[in-house]
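# Breakdown of the fold
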Amino acid sequence: MARTYYVSLITSVTMSKEHNNKMNKIVSLAKRRGFIFQSSEIYGGLGSVYDYGPLGILLKNNIKQAWWKSMVQDNLDIVGLDAGILMHQKVWEASGHVASFSDPLVDCKRCKLRHRADKLLIAAGVEADDKMTIDEINDLLDKHNTVCPDCGGELTSARSFNLMLKTHLGPVESDESTVYLRPETAQGIYVNFKNVQQSMRKKLPFGIAQVGKAFRNEITTKQFIFRTREFTQMEMQYFVHPKYADKYYDIWKQKRMKWFLDYGISESNVRYHKHDKLAHYAKSAFDIEYNFPGGWDELEGLHNRGDFDLSQHEKYSGEDLQYTDSGTKEKYTPYIIETSVGLDRAVFAFLSDAYSTIEGGRGEGAKSDEEVVLRLHKTIAPIKVAILPLSKKPELQNLAHEIADILKRRWMIQYDETGSIGKRYRRQDEIGTPYCVTVDFDSLEDKAVTIRDRDTMKQERIAIDELVHYLQDNIC
Ligand code: GAP
């Protein structure tokens, strides 16, 4: 729940023309090609909520599966969980969210726009951090004569604004019936620590992984799916003996960075950022930052949370959440190493990293000033293979459909028979399809097809019988 008061000026205040351009191109591609749409668009849109279209959900699911595999399948000491979005209200008192999961906000008296006071201070060159009280923030706002960045109007004093979304369970709306839409998935793991540890007979160290929705009433949003009010988190909490916390923290820092690189993120676009100012629960905190179209910013948070969470839940619930080592008989409260990444933010990073343009096109027939190639890692690409019959003659259509029927059992494929072959390649390049299979008249005779690689544009003639093996070897 680290509210990142460290915000790069480039990110929040001005976006370079080049970055802005890239952002616009990605947003436009995402809509045009069915990846991501504004929520409730026909009603003018709902602020900072996005819907994933047919290709977006495939990409998102592939990233989720790659993460789940790297956590739950590849590590025998990590198990999965799917806790409810709604939890007992005491959970959020124990976690500190009711008291301190808030942003300091000011309103413009003239244009009525609302702003985060800490961001305005940072924009004015003043250092702000999450240890500052509202009074300290107000002193700084006065001292620096801070005005509305949009219209120059006078601002109200800052006040604390809790970011949790509330609702009520049951027929009566009262304090007792209040429940929150979880602002992080982590708490569902902490409150289930004993259930999982005992039912799975896990010895420490072990981890619990979870993917699920989280909600925050974010005020400063914009930047497409970077910061939204409804989003998905992929979190893993690793429970360790306190004396091993630093060791596992380092291990997970390395592993998480490697995961992004393994799935194609360029090394030059990711870096670590160490937090000097820590959230109340953290003993140590690093971000993996990505060079988003809006500038460098947090992609994933890595925290050594100490024994804060389990101790708090023990205190508020009265349950014993300590662990007893069956060998040494030592009883202790485990430390928690957390890895926490937003799935939507990961989608944005992968899309942004994969987005490439080729001036004047690649000379494959379709004329264009600029061709877009989405160089997504094959494992996460939404569509793995496109089947393209060279003409709409029934004999070619029949063979192409036969091939499509074989391949669709294993992979997400598309069948496209409209437009020139060059145009069809362009369409597939734009959505990141690694392979195009062309069925031509020779295919009827030699029972072979031409397979084209998105990145190298190399074309190979392959026997239809060999196609599945070829793709199996080349698509992980
Ligand atoms: N359990 C720890 C936690 O929630 P956080 O730094 O507040 O820590 C972790 O969030 C990750 O969740 C962030 O690195 C980011 O990827 C994602 N995230 C947080 N708020 C988000 C938002 N409003 N929209 C999209 N992703 C968000």
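Residues numbered from 1 in each chain as written. Predicted model: local features only at pLDDT ≥ 70, side-chain atom pairs only at ≥ 80, totals over all residues. Heavy atoms only, no water.

Along the backbone of the protein chain there are 16 helices and 23 strands. Overall, the protein chain is about 80 × 65 × 50 Å in size when its C-alpha atoms are taken along their principal axes. Counting all 476 residues of the protein chain, 55% fall into the buried class. Within the protein chain, contacts between residues separated by at least 24 positions form 67% of all contacts whose residues are at least 6 apart in sequence. (Helix = DSSP H or I, 4+ residues; strand = E, 2+ residues; numbered from the N terminus. Buried < 20%, exposed > 50% of the residue type's maximum accessible area, 1.4 Å probe, protein only. Contact = heavy atoms within 4.5 Å.)

Turning next to the pattern of salt bridges. Between side chains of opposite charge, a pair can form as their charged atoms come close. For the coordinates displayed, the defined rule picks out 31 salt bridges. When the shortest N-O distance is used, the salt bridge between Glu-230 and Lys-213 registers 2.8 Å. Here Glu-230, found in strand 10 (residues 230-240), pairs with Lys-213, found in strand 9 (residues 206-215); they are 17 residues apart in sequence, far enough to count as distant. Of the residues examined, Glu-230 reaches a relative accessible area of 29% and is grouped as partly exposed. The class of Lys-213 is partly exposed, set by a relative accessible area of 30%. Between Glu-218 and Arg-227 there is a salt bridge, and its shortest N-O distance comes to 4.0 Å. Three or more residues joined by partner-sharing salt bridges are found here, namely Arg-362, Glu-371, Arg-426, Asp-429 and Arg-452. (Salt bridge = Lys/Arg side-chain N within 4 Å of Asp/Glu carboxyl O.)

Buried residues dominate strand 19 (residues 385-389), accounting for five of its five residues. With burial as the criterion, each face of strand 19 is covered, one bearing Val-385, Ile-387 and Pro-389 and the other bearing Ala-386 and Leu-388. With helix 13 (residues 394-407) bridging strand 19 and the parallel strand 20 (residues 413-415), this β-α-β connection has right-handed handedness. Two strands pair when backbone bridges link them, and strand 19 and strand 21 (residues 435-439) are joined in this way by five bridges, in the parallel orientation. By the bridge assignment, Pro-389 is partnered in strand 21 with Val-439. (Right-handed = clockwise from strand over helix to strand, strands pointing away. Pairing = 2+ DSSP bridges.)

Another point: the site of the ligand. Near the ligand, the surroundings consist of 23 residues, among which Glu-184, Thr-228, Glu-235, Glu-298 and Leu-299 are the closest. One nitrogen or oxygen atom from the side chain of Glu-218 is found 2.9 Å from a nitrogen atom belonging to the ligand. Contacts to the ligand include Leu-299, whose backbone N or O atom sits 2.8 Å from an oxygen atom. Burial of the ligand by the protein chains amounts to 98% of its free accessible area of 550 Å². For the shell around the ligand, the class distribution of residues is seven nonpolar, six polar and 10 charged. (Near = heavy atom within 4 Å. Polar contact = N/O pair within 3.5 Å; in protein donor to acceptor, adjacent residues only side chain to side chain. Areas by Shrake-Rupley, 256 points an atom, 1.4 Å probe, with all protein chains shown as cover. Nonpolar A, V, L, I, M, F, W, Y, C, P; charged D, E, K, R; others polar.)

Moving on, we come to the side chain of Thr-232. Of note, Thr-232 is situated in strand 10. Setting aside residues up to four positions removed in sequence, Thr-232 forms contacts with Lys-60, Val-211, Gly-212, Lys-213, Val-341, Gly-342, Leu-343 and Asp-344.

Ranked by size, the top nonpolar core spans 59 residues in total, and within it Phe-35, Ile-36, Ile-63, Trp-67, Val-347 and Phe-350 carry the most contacts. Tallying contributions element by element places helix 12 (residues 343-354) first for this core, with eight residues. Beyond its immediate chain neighbours, meaning those up to four positions away, Phe-35 contacts Leu-29, Ala-30, Asp-51, Tyr-52, Gly-53, Leu-55, Gly-56, Leu-59, Leu-351, Leu-374, Pro-382 and Ile-431. With 22 residues, the next largest nonpolar core counts Ile-413, Ile-451, Ile-464 and Leu-471 among its residues. (Core = buried A, V, L, I, M, F, W, Y, C linked by side-chain atoms within 4.5 Å.)

With that out of the way, let us pick up the sheet that holds strand 6 (residues 159-162). Pairing in this open sheet of three strands is antiparallel, and the strands run 5-4-6 from one edge to the other. With one partner strand each, in any of the chains shown, strand 5 (114-116) and strand 6 form the two edges of the open sheet. Across the sheet, the axes of successive neighbouring strands diverge by a mean angle of 50°, strand direction being ignored. Two strands pair when backbone bridges link them, and strand 4 (residues 102-107) and strand 6 are joined in this way by four bridges, in the antiparallel orientation. Along strand 6, the bridge assignment pairs Pro-104 with Ser-160. (Axes fitted to C-alpha atoms, helices over the stretch in contact; angles between N-to-C directions.)

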